[in-house]
Amino acid sequence: DWINFTDFFNKIIDRFEMTKSGHVSFIRNIPNDALYVDIDTDKITQVLDNIISNALKYSPEGGKVTFTIDILPSELQIRVKDEGVGIPQESVNKIFDRFYRVDKARTRKLGGTGLGLAIAKEMVFAHGGDIWALSKEGQGTTVYFTLPYDPEQEDEWE
Ligand code: ATP
Ligand code: MG
């Protein structure tokens, strides 16, 4: 479906903002303009739900979660940054593998199956995008993904 990604992303963040506990704050770096993309909204909702719930799950008291959309020449780059526990360098690429969880002891008490990001990767790839993460242990994690975007498209909507 062709949808306005700005609205779509804001609505997902609103839903988390209404249900999250008070200990984390949200920051949005999201353009005001409509950004039309052709996506399966159910699937990209699942991608964002998992990335955002991870960010919340691994955030400390008072942590900030920052949401960003960058408009690149042929894609939108979406980022979710947290100030959580972070991921060791040698594991940061493995978190997209099925059932991979960084620290069994640490993550066991937080729950989950280790499938969320593997499913997210599959769905982003099916849209012709890419997904990756950068992280510093003890400082936080940023998960990035891209979706194909044609800036010319906007003209036709005006
Ligand atoms: P599920 O999503 O199936 O409920 P999960 O959250 O453990 O379980 P993934 O979302 O696939 O699984 O994440 C895989 C692992 O990557 C997590 O178990 C965790 O160790 C690590 N991880 C993911 N996101 C973050 C993050 N924002 N900060 C720190 N570690 C993370
Ligand atoms: Mg998860």
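Here, the structure is the one placed above.
Quick summary incoming for the structure in this document. Being a predicted model, the structure only gives us computed values, none of them experimental. (Residues numbered from 1 in each chain as written. Chains lettered and ligands numbered in written order. Predicted model: local features only at pLDDT ≥ 70, side-chain atom pairs only at ≥ 80, totals over all residues. Heavy atoms only, no water.)

Overview of the packing of helix H1 (residues 5-19) against helix H2 (residues 41-57)
Heads up, the condition is: Here an angle of 0 to 180 degrees is reported between the N-to-C directions of two axes, which are lines fitted to C-alpha atoms, with helices fitted over the stretch in contact. Secondary structure elements are taken from DSSP: a helix is a run of H or I of four residues or more, a strand is a run of E of two residues or more, and numbering for both begins at the N terminus. Roughly parallel covers angles under 35 degrees, roughly antiparallel covers those over 145, roughly perpendicular covers 65 to 115, and oblique covers all other angles. Each crossing gets its hand from how the near helix is turned against the far one by less than a right angle, where anticlockwise is left-handed and clockwise is right-handed. We call two residues in contact when some of their heavy atoms are within 4.5 Å. Three residue categories are used. Nonpolar comprises Ala, Val, Leu, Ile, Met, Phe, Trp, Tyr, Cys and Pro, charged comprises Asp, Glu, Lys and Arg, and polar comprises the others, including Gly.
Contact geometry for H1 and H2: axes closest at 11 Å, N-to-C directions at 45°. With respect to each other, H1 and H2 are oriented oblique. Handedness of the H1/H2 crossing: right-handed. In this structure, H1 uses Phe5, Phe8, Phe9, Ile12, Arg15 and Phe16 to contact H2, whose residues at the interface are Thr41, Ile44, Thr45, Leu48, Asp49, Ile52, Ser53 and Leu56. Within the contact of H1 with H2, the residues separate by chemical class into nine nonpolar, three polar and two charged.

A few points about the environment of Ile69
Topologically, Ile69 is positioned in strand S4 (residues 64-71). A sequence separation of 17 residues divides Ile69 from Ile52, and the C-alpha atoms of the two residues are 14 Å apart. Aside from chain neighbours lying at most four places away, what touches Ile69 is Phe5, Phe9, Asn29, Ile30, Pro31, Leu35, Leu76 and Gln77.

Points about the sheet that holds strand S2 (residues 25-29)
The cut-off we apply is this: A pair of strands is treated as paired once DSSP finds two or more bridges between them.
The strand order across the open sheet built from five strands is S2-S4-S5-S7-S6, with neighbouring strands paired in mixed fashion. Every other strand in the sheet has two partners, leaving S2 and strand S6 (131-136) as the edge strands with one partner each. Between one strand and the next, the sheet's axes are offset by a mean angle of 15°, whatever the strand orientation. Each of S2, S4, strand S5 (75-81) and strand S7 (140-148) touches H1; the most contacted strand, S2, lies at about 175° to it.

Overview of the packing of aromatic side chains
Heads up, the condition is: By convention, a stacked pair of Phe, Tyr or Trp rings (six-membered ring in the case of Trp) has centres within 6.5 Å and planes under 30 degrees apart, an edge-to-face pair has planes over 60 apart, and any other such pair is tilted. Our definition puts a charge over a ring when NZ of Lys or CZ of Arg is within 6 Å of the ring centre and also within 35 degrees of the ring normal.
Applying the stated rule across the entire model yields five aromatic pairs. An aromatic cluster of at least three residues, connected via ring pairs, comprises Phe5, Phe8, Phe9, Phe26 and Phe67. Geometry around Phe26 places Lys20 over its ring, the cationic atom sitting 5.2 Å from the centre.

Things to note about the coordination of the magnesium ion (ligand 2)
We apply this condition: Note that water is not among the atoms considered, so a metal site may appear incomplete; the donors listed are N, O and S atoms within 2.8 Å of the metal, with 3.2 Å applied to Na, K and Ca. Categorising residues by exposure relies on relative accessible area from a 1.4 Å probe, with only protein chains included: less than 20% of the type maximum marks a residue as buried, more than 50% marks it as exposed, and the intermediate range marks it as partly exposed.
Each protein donor to the magnesium ion (ligand 2) is listed here as Asn50 (OD1) and Asn54 (OD1); together their distances run 2.2 to 2.4 Å. Here Asn54 and Asn50 lie together in helix H2, a separation of four residues that amounts to about one turn. You'll find Asn50 and Asn54 in the same group, each marked buried.

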